[in-house]
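If you want the building blocks of each chain, they are given just below.
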Amino acid sequence: MGGLVSAGTMLPALRQDLSLHPGPADASGAPTWTLHDPAAHRFYEISWPAFELISRWSLGSAEAVLDAVARETTLRLGRQDLDALLNFLAQHHLLQSHSPEHSARLTRAAQAGRSSHAMWLLKHYLFFRVPLLRPEPFLRAIAPYTQWLFRPGFWWAVAGAAVLGLFLVSRRWDEFTHTFSANSTLAGLLGLGLALSLAKLLHELGHAITAHRYGCRVPTMGVAFLVMWPVLYTDTNEAWKLTRREQRLGIASAGMLAELALAACATLAWTFLPEGPLRAGAFMLATSSWLITLGINASPFMRFDGYFLLADALN
């Protein structure tokens, strides 16, 4: 669509379901905005000039939009700026269909993006999601009872439990490792599976509770399959609406923090419990939570929490 903006050009209408939200400042300190496409559930970060153009889009013509930006702001934008924005909006299907040519372009894009049957099967074999819950009513109901999770005193207590538990375990390391060999039976493996399930449930609840606290909608929770291996997931995409990076980082890290808190308490509990099922359960919770959280979820090389934490931290 390059070069289509000229004097008197009438701009194609934007889709009416789009919404704009204030975004974080960019690296230079300039404001940004987040453009939300609810149909595709995608979020686009747009610059200050793009925001000023879009906010005056309803003026209709390219000349009227550029004149209004020059008159009402300190920006001096040209037709090439409007042309670049128009290209972006068209490429991401954010415009209403306004001509047979535009409809044909959308058809070609849909056909180009359509996978062959083999590629469709491969993609959906490698990764697909099964939403199971709409957790918003539950999150609203428990919100008054989860405030203590966000108090510094609670996390200082968790840190103290972790340090004390690891210290006590280090003094009984042979006994601790023997717990692993003593539970390497079918019943022990079943216990490990239950421990992992509990840890992952708390992990996803950590994401959901934190996102809800910061005002984000959590539309679904469910099971995602990675090469047919089931893992729980929580849809926290609305975190991209938040302007404060520390809040987005808090949502991304909440799952790992929940698992680490569980690991700290289980490690400390192991040192005090007598031999038996409870102690074996504490061992399973401690080892699975420490290893899975630090070895997999924190890694920036896989698209789990560590990846998104690093991406947001580096902007």
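Now for a description of the structure that goes with this document. Throughout, a residue's number is its position along its own chain's written sequence, starting from 1. In keeping with the predicted nature of the model, local features appear solely for residues at pLDDT of at least 70, side-chain atom pairs appear and are counted solely at 80 or more, and the whole-chain, interface and lining totals rest on all residues. Hydrogen atoms and water are omitted, and side-chain values are computed over all heavy atoms in the structure.

Considerations on the sheet that holds strand β1 (residues 19-22)
Point 1. Note on pairing: two strands pair once DSSP finds at least 2 bridges between them. Segments assigned H or I by DSSP are reported as helices when at least four residues long, segments assigned E as strands when at least two residues long, and all are numbered from the N terminus. Taking strand neighbours across the sheet as the criterion, the three strands line up as β1-β2-β3 in an open arrangement whose pairing is antiparallel. What marks the edges here is a single partner per strand, and that holds for β1 and β3 (42-46). Averaged over neighbouring strand pairs, the angle between their axes works out to 30° when direction is ignored.
Point 2. One ladder, built from four bridges, connects β1 with strand β2 (residues 33-37); its direction is antiparallel. In the sheet register, His21 faces β2, and the bridge partner there is Thr34.
Point 3. Each of β1, β2 and β3 is contacted by helix α1 (residues 48-55), which is oriented at about 110° to β3, the strand it contacts most. In this description, a line fitted to the C-alpha atoms serves as the axis of each element, helices being fitted only across the stretch in contact, and the angle between N-to-C directions of two axes falls anywhere from 0 to 180 degrees. Should any heavy atoms of two residues lie within 4.5 Å, those residues are counted as being in contact.

Some details on the pattern of salt bridges
Point 1. What makes a salt bridge here is a side-chain nitrogen of Lys or Arg within 4 Å of a carboxyl oxygen of Asp or Glu, nothing more. Summed over all chains, the structure comprises 13 salt bridges.
Point 2. Here Asp37 makes a salt bridge to Arg15, at a shortest N to O gap of 2.5 Å. Of the two residues, Asp37 sits in strand β2 while Arg15 sits in the segment before β1, which places them 22 residues apart along the sequence. Residue Asp37 shares its accessibility class with Arg15, and that shared class is buried.
Point 3. With a shortest N-O distance of 3.4 Å, Glu238 and Arg217 are connected by a salt bridge. Taken together, the residues Glu238 in the loop between β6 (229-234) and α10 (245-272) and Arg217 in the loop between α9 (186-213) and β5 (221-226) connect sequence positions 21 residues apart.
Point 4. Exposure categories follow from relative accessible area, calculated using a 1.4 Å probe and restricted to protein chains: below 20% of the type maximum is buried, above 50% is exposed, and the middle band is partly exposed. Judged by its relative accessible area of 8%, Glu238 is buried.
Point 5. Salt bridges here are not isolated pairs; linked through shared partners, they connect Glu52, Arg56, Arg71 and Glu72.

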